[in-house]
Amino acid sequence: MDAKGFVADGDDLKLAGLKAAVTQAQNGNVLVAGKGLTDKDALELTIRDGKPAAKLNGKEIPFTDVTVKGKARSPRA
């Protein structure tokens, strides 16, 4: 997940949650329908009409199919 971009559609809680999910993904892994992503996969997470939306490799997928598992981070001193 080298490319990260967010469209500023207001600072609502869903967008903040989406940003948190991306941050967790950088420290863990992301599954789509129970399968891990490869380096060639492109996952887009957005907020559309106030609802989360997802695309995998340009194809719309159910947002509920996306699972983010983050690794625990040690607190910074």
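This text goes with the structure placed above it.
### A few points about the sheet that holds strand 3 (residues 43-48)
Taken in spatial order, the three strands of this open sheet run 3-4-5, and their pairing is antiparallel. Edge positions in the open sheet fall to strand 3 and strand 5 (59-61), since each of these has one partner strand only. Averaged over all pairs of adjacent strands, the angle between strand axes in this sheet comes to 35°, irrespective of strand direction. Here strand 4 (residues 51-56) runs beside strand 5; their pairing, made up of three bridges, is antiparallel. Pairing of alanine 54 across the sheet is with isoleucine 61, part of strand 5.

### Quick notes on the environment of glycine 58
Considering the arrangement of structural elements, one finds glycine 58 in the loop between strand 4 and strand 5. According to the relative accessible area criterion, glycine 58 is exposed, its value standing at 51%. For the pair formed by glycine 58 and alanine 42, sequence separation is 16 residues and the distance between their alpha carbons is 7.5 Å.

What counts and what doesn't
Residues numbered from 1 in each chain as written. Predicted model: local features only at pLDDT ≥ 70, side-chain atom pairs only at ≥ 80, totals over all residues. Heavy atoms only, no water. Pairing = 2+ DSSP bridges. Helix = DSSP H or I, 4+ residues; strand = E, 2+ residues; numbered from the N terminus. Axes fitted to C-alpha atoms, helices over the stretch in contact; angles between N-to-C directions. Buried < 20%, exposed > 50% of the residue type's maximum accessible area, 1.4 Å probe, protein only.

Purely spatial values, then, with no claim about function.
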